[in-house]
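Summary of structural features
Residue-level listing of the chains:
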Amino acid sequence: MCGIAGVWRKRDPIGAGDLSDIAGMMQALAHRGPDDHDSWSSSRLALGHRRLAIIDPSPAAREPMLTACGKGVLAYNGEVYNYRSLRQTLEAEGCIFRSVSDTEVVLQALHHWGPEKAVPLFDGMFSFAYFDARDNALWLARDRLGIKPMAVAETAERILFASEDKAILACDGFGRRIDAREITLRLAWQHRDSSFSLFDGIERLPPAGLWKITGAGIEKRCFWHVLDVLEAERITGDRISDDEHMAKLEALIEDSVDIHCIADASIATACSSGVDSGLITALSKRFRPEIHGYVVDPRLGRSEAENAERTGRRAGIPLRRVPVDRDRFFELWPKAVWHLESDGWHASHVGLLALAEQCRADGVKVLLTGEGADELFGGYKWQAESMRAWQAWSWPGRLFRSKRWLDRKFGRLRHAPFKTSTGNSSASERNLVLRSLSPELNFLQTRIFDRLEPVTPLGDRAFLGCCLYDLYSHLQDLLNRHDRLSMAASVELRVPFIENRLIDFAIHLPRRQKLRGRTGKWLLKKVAEKHLPRENVYAPKKGFEISSGFTQGSQGLLRGGYLRDALKWPATAVEDLVDLARRDEASRLRLVGMELFLRLHAGGETAGNLTHALHAAAAEAPG
């Protein structure tokens, strides 16, 4: 787990200014890799690397890493968990290794097989820059669902790339310009954080991005997409019994937890009271007997610490509570926004940062969590609610409607098939939203729905499609949050549910294995029954709750003017927006979070100063 920085020269050779920029980029990424750092350059390319040593902490695994022939070089961020089996295959084909790291396996695979063959074989989370001097090609890549980040900026003379936007902003001459359209899209609840930057001129590799950079420019492609691998016939033809599905799923999760526990460093788990992180926690005990867990314990509102400890007792794993009071919340909120490089749309972001900082203080470098299960196995209420719009086609409703009426309604709903589809109240509103907001996401909804055409009834098709769409929308925000906030404390966060075989298994399950009756994640919960307290397995889903009381009063910051000026609010509307933020927590988090972002990244204020500003605003707010 590390930080990557790079400069690619289009024409002139790498010079002193480029090397100085690499040093500045690595300094901006120091939190991602405090254990070691190094750089490398050739005539056209300069690479920098910050290392958080997890697998093979020896100097033999230092990066940027070169092949023995010197013709291949790699700067790599993440873990490829199937590196041992890949190494055996490579050794059988004549490759010789000098370390026991997964980094060298990734490098040898890329150099021996070529990126287009090697990258789809990687099972893990990664982003990397690989240079092949044999044809002077630079390759940038990101894992299938975008767990690890990569930002890119192209100027007239250079292509800059790094693990985080702030490293590119550290380069000499690169303007720090905020994209007002991106601010608007986030305030409109579009899922943007993983694949789009708030800074003008910076873009991010999409999930499964595989870009080839040569003297001819950038060739952009993706090596994996759910639309390309989805086989609807596997869903419709599923005749496997519940018991067989349960056994298969349990074996897959156990195997994934096993490989996610590979580390030459201390590992812990993030354990809430829910099914997903609880199951990962329980199973990890088999592979790391010494493991312990963490649970955030808010001092305002509801805490799930007591229920999480019930899971810990059942699994025989001690849990450590991470307390968060209002002072701690105000201390960490601006810091979280700084690392997220976005507004921080949920109060739980602060809880995750507090947890990561406690891990680091305890000497823990790796944290396992349960992210991805709700998207893959149908755990969100909006997925189930997506079925309701399609009830007109179910028995006996369709008997009372003409085929013409049903066809016309189908034509409308097909473009807004899910509960979370934007603008689904009318055709004109929907078309406006599709054109003006996030077409790359909104049109994906229809493509997913159409790809599932063999699935019947239509409600099942909408439910399964919504789950798949969430992999590219809601999950992307969560994965971005997890990477940025864990790495802010130099902790690697691993997500065992997002593993190649588990992804393939889950996307091909029929609706009855995900939603049965009113029980979401039905199959996953049946597996969890064997490992977790039943009252935790079937408790109502609450999410990672943080009381609205933590942020109450912070809306006064909106009078400061940064967000007002960026969005050109009329002065008469500011107090109305302050009042909206006072009344509605979701609006308060979005608006105040964006104000914090602008003050940090455009105004040059420090996180410490903003903590004082938050306290002052809260003190001045009416009771």
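The structure we're discussing is the one just above.
Not measured: the values here are computed from a predicted model.

1. Notes on the pattern of salt bridges
Overall, the coordinates contain 61 salt bridges when judged by the stated rule. With a shortest N-O distance of 2.6 Å, E182 and R186 are connected by a salt bridge. Here E182 pairs with R186, and both are found in helix α6 (residues 180-187), just four residues apart, close to one helical turn. Of the two residues examined, E182 and R186, each falls in the buried class.

2. Focus on the sheet that holds strand β15 (residues 319-324)
Taking strand neighbours across the sheet as the criterion, the five strands line up as β15-β14-β13-β16-β17 in an open arrangement whose pairing is parallel. Edge positions in the sheet fall to β15 and β17 (492-494), since each has one partner strand and no second. Across the sheet, the axes of successive neighbouring strands diverge by a mean angle of 30°, strand direction being ignored. With three bridges joining them, strand β13 (residues 267-270) and strand β14 (residues 292-298) adopt parallel strand pairing. Bridge pairing in β14 places T269 opposite G293.

3. A look at the pairing of strand β12 (residues 217-222)
As judged from the six bridges shared by strand β11 (residues 209-214) and β12, these two strands associate in the antiparallel manner. What sits directly across from T214, in β12, is G217. From the end of β11 to the start of β12, which pair antiparallel, there are two residues.

4. Quick word on the environment of H612
Residue position: H612 is located in helix α28 (residues 607-620). Since its relative accessible area comes to 58%, H612 is described here as exposed.

5. Remarks on the pairing of strand β1 (residues 2-9)
Most of β1 is tucked away, with eight of its eight residues classed as buried. Burial along β1 is two-sided: C2, I4, G6 and W8 facing one way and G3, A5, V7 and R9 facing the other are all buried. In terms of strand pairing, β1 meets strand β3 (residues 45-51) through seven bridges, oriented antiparallel. Within the sheet, the bridge partner assigned to I4 lies in β3 and is H49. Alignment of β1 against strand β9 (residues 158-162), held across five bridges, turns out to be antiparallel. Considered in β9, the bridge of R9 is made with R158.

6. Here we look at the packing of helix α12 (residues 326-340) against helix α27 (residues 585-601)
Here α12 crosses α27 at 70°, and the two axes come no closer than 9 Å. The angle between the axes of α12 and α27 places the two elements in the roughly perpendicular class. Two secondary-structure elements touch here, α12 through W333, P334, V337 and W338 and α27 through L589, V592, G593, L596, F597, L600 and H601. Counted by class, the contact of α12 with α27 contains nine nonpolar, two polar and no charged residues.

7. Some words on the packing of aromatic side chains
Summed over all chains, the structure comprises 17 aromatic pairs. Pairing W40 with F131 gives two aromatic rings, centres 6.2 Å apart and planes at 45°, and the pair type is tilted. Of this pair, W40 sits in strand β2 (residues 36-41) while F131 sits in strand β6 (residues 124-132), placing them 91 residues apart in sequence. The exposure class of F131 is buried, given its relative accessible area of 5%. With 5.3 Å between their ring centres and 40° between their planes, W390 and W393 make a pair best called tilted. Residue class for W393 comes out buried when judged on its relative accessible area of 15%. The residue whose ring lies beneath R192 is F196, and the NZ or CZ to ring-centre distance is 3.7 Å. When the ring centre of W522 is taken as reference, the NZ or CZ atom of R516 above it lies at 3.7 Å.

8. Some details on the packing of helix α9 (residues 242-260) against helix α21 (residues 500-507)
Between α9 and α21, the least distance of the axes is 9 Å, while the angle of their chain directions is 155°. It follows from the interaxial angle that α9 and α21 lie roughly antiparallel. Judged by the twist between their axes, the crossing of α9 over α21 is left-handed. Contact residues: H245, K248, L249, L252, I253, D255, S256 and I259 in α9; R501, L502 and F505 in α21. Among the residues forming the contact of α9 with α21, the class breakdown is six nonpolar, two polar and three charged.

What counts and how
- Residues numbered from 1 in each chain as written.
- Predicted model: local features only at pLDDT ≥ 70, side-chain atom pairs only at ≥ 80, totals over all residues.
- Heavy atoms only, no water.
- Salt bridge = Lys/Arg side-chain N within 4 Å of Asp/Glu carboxyl O.
- Helix = DSSP H or I, 4+ residues; strand = E, 2+ residues; numbered from the N terminus.
- Buried < 20%, exposed > 50% of the residue type's maximum accessible area, 1.4 Å probe, protein only.
- Pairing = 2+ DSSP bridges.
- Axes fitted to C-alpha atoms, helices over the stretch in contact; angles between N-to-C directions.
- Parallel < 35°, antiparallel > 145°, perpendicular 65-115°, else oblique.
- Contact = heavy atoms within 4.5 Å.
- Nonpolar A, V, L, I, M, F, W, Y, C, P; charged D, E, K, R; others polar.
- Phe/Tyr/Trp six-rings, centres within 6.5 Å; stacked < 30°, edge-to-face > 60°.
- Lys NZ or Arg CZ within 6 Å of the ring centre and 35° of its normal.
- Left-handed = near helix turned anticlockwise from the far one by under 90°.

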